[in-house]
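# Coordinates in review
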Amino acid sequence: MKKILLTLAAVAALVSCKTETKTEISENPTETQAIQEERTPEQEVAYKIAEASGLENWDKVSELQFTFNVDRGDSHFARAWKWNPKTDDVTMMSPEDTINYNRKSVDSLAMNADKGFINDAYWLMAPMHLVWDNEGTNLTVQDTATAPMSKQLMKKITITYGNEGGYTPGDAYDFFYDDTFMVREWIYRRGNVSEFSMVTTWDDYKDYNGIKIASDHKAPEDAVHLYFTDIAVKTEE
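Read on for an overview of the structure. Note that the structure is predicted; figures quoted are calculated from it, not measured.

Here we come to the nonpolar core. Counting residues in hydrophobic clusters, the biggest one holds 52 residues, and the most contacted among them are Met-125, Ile-157 and Phe-175. With 13 residues, helix α3 (residues 111–132) is the largest single contributor of residues to this core. Every residue in contact with Phe-175, bar those within four places of it in the chain, is listed here: Tyr-122, Ala-126, Pro-127, Leu-130, Lys-155, Lys-156, Ile-157, Ile-159, Val-183, Glu-185 and Trp-186. By size, the runner-up hydrophobic cluster in this structure holds six residues, among which are Ala-145, Phe-176, Ile-187 and Val-199.

Right, dumping it as C-alpha cells:
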C-alpha cells in the first residue's frame, strides 16, 4: 500500500486536499473479478468516473509534468512539477527555487514543497482519487443533483475524508458528473461543513496518452481562475 496525502498550498489559499493512494493492481483476471464483485454501488460509480479519465492507462505512466497556475484579481501564481509516480521522485520548480525530493522520505526541508505538490496534483488528478483514496474515506452518490454553477441537472458523488491522517483531515468534495461520467463541476467543503469553501468548473479536457485531464477551473464571477499549462504525460511502451 502506497499512501499519498494531499493538502492545500497556503500560497494559493484556495482549497485543501488529502488522499491515500492505492496502487496495487491485480494481473489475475479471477482475482480482479472477485475484487469488482466486492465493490459497493458507490465504488462502482467512483470507478466509472476514474475509468472515464483513463484509469486503465495510469500504470503505464512513467512521468507527469505540469504547471499549476492561479489568477486572483491582479495577482498571478505559478509553480511547475515533474513527478515519476513509479519511484515517487518529485521536482518542484518555482521562480524562487528548485527542490528535488522523494515522497517516500519527506523530511522537514521538503515538507512545504510536498504540501504544494499534494494540492496541485490533486487538482490535476482528482477523479482518480475517488478510487485511489479507498481507506479512511466515505463515498455517497446522488442520482440527480443541480450543479452549483451551471444549474444543470447532473449526478453527484461525494468523497469525505476521515478525521485522521493527511495535512488537513476531515474535508469533503462533491463531484458533479454527466452521463459520460466526466466531472464538470465540484465543491470543496472544508471540515465537511454544509457551506462550500470553494466551487469551480471542470473544463477544457484533453487526452494525454490516454489520461484525460481538465486543465481549466473557474470560480463564480471569475473570482479565482485555476488552470494548468505545460502538461506532459510520458508512458512506457
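A separate point is the sheet that holds strand β8 (residues 183–189). With antiparallel pairing, five strands are arranged side by side in an open sheet as β5-β6-β7-β8-β9. Sheet topology places β5 (137–146) and β9 (198–201) at the edges, where each strand pairs with a single neighbour. Across the sheet, the mean angle from the axis of one strand to that of its neighbour is 15 degrees, orientation sign disregarded. Where strand β6 (residues 153–161) meets strand β7 (residues 172–177), six bridges bridge the pair, whose relative direction is antiparallel. What sits directly across from Thr-160, in β7, is Ala-172. Contacting β5, β6, β7 and β8, helix α2 (residues 41–52) crosses the sheet at an angle of about 75 degrees to β5. Contacting β5, β6, β7, β8 and β9, α3 runs over the sheet at an angle of about 90 degrees to β6.

We now examine the packing of aromatic side chains. If you walk through the whole model with that rule in mind, you get 15 aromatic pairs. Considering the side-chain rings of Trp-58 and Trp-132, the 5.0 Å spacing of their centres and the 55 degrees angle between planes classify their relative orientation as tilted. You can see Trp-58 sitting in the loop between α2 and β1 (61–72) and its partner Trp-132 sitting in helix α3, a full 74 residues away along the chain. Taken together, a centroid distance of 5.2 Å and an interplanar angle of 40 degrees make the contact between Tyr-122 and Tyr-173 tilted. Here Tyr-122 is found in helix α3, whereas its partner Tyr-173 is found in strand β7, with 51 residues between them in sequence. A network of ring pairs unites the aromatic residues Tyr-122, Trp-123, Tyr-161, Tyr-173, Phe-175, Trp-186, Tyr-188 and Trp-202 as a single cluster. Directly above the ring of Tyr-47 sits Arg-39, whose terminal nitrogen or CZ lies 3.5 Å from the centroid.

Definitions and limits used
Residues numbered from 1 in each chain as written. Predicted model: local features only at pLDDT ≥ 70, side-chain atom pairs only at ≥ 80, totals over all residues. Heavy atoms only, no water. Core = buried A, V, L, I, M, F, W, Y, C linked by side-chain atoms within 4.5 Å. Buried < 20%, exposed > 50% of the residue type's maximum accessible area, 1.4 Å probe, protein only. Helix = DSSP H or I, 4+ residues; strand = E, 2+ residues; numbered from the N terminus. Contact = heavy atoms within 4.5 Å. Pairing = 2+ DSSP bridges. Axes fitted to C-alpha atoms, helices over the stretch in contact; angles between N-to-C directions. Phe/Tyr/Trp six-rings, centres within 6.5 Å; stacked < 30°, edge-to-face > 60°. Lys NZ or Arg CZ within 6 Å of the ring centre and 35° of its normal.

Without other data, these values stay purely geometric and don't point to any function.
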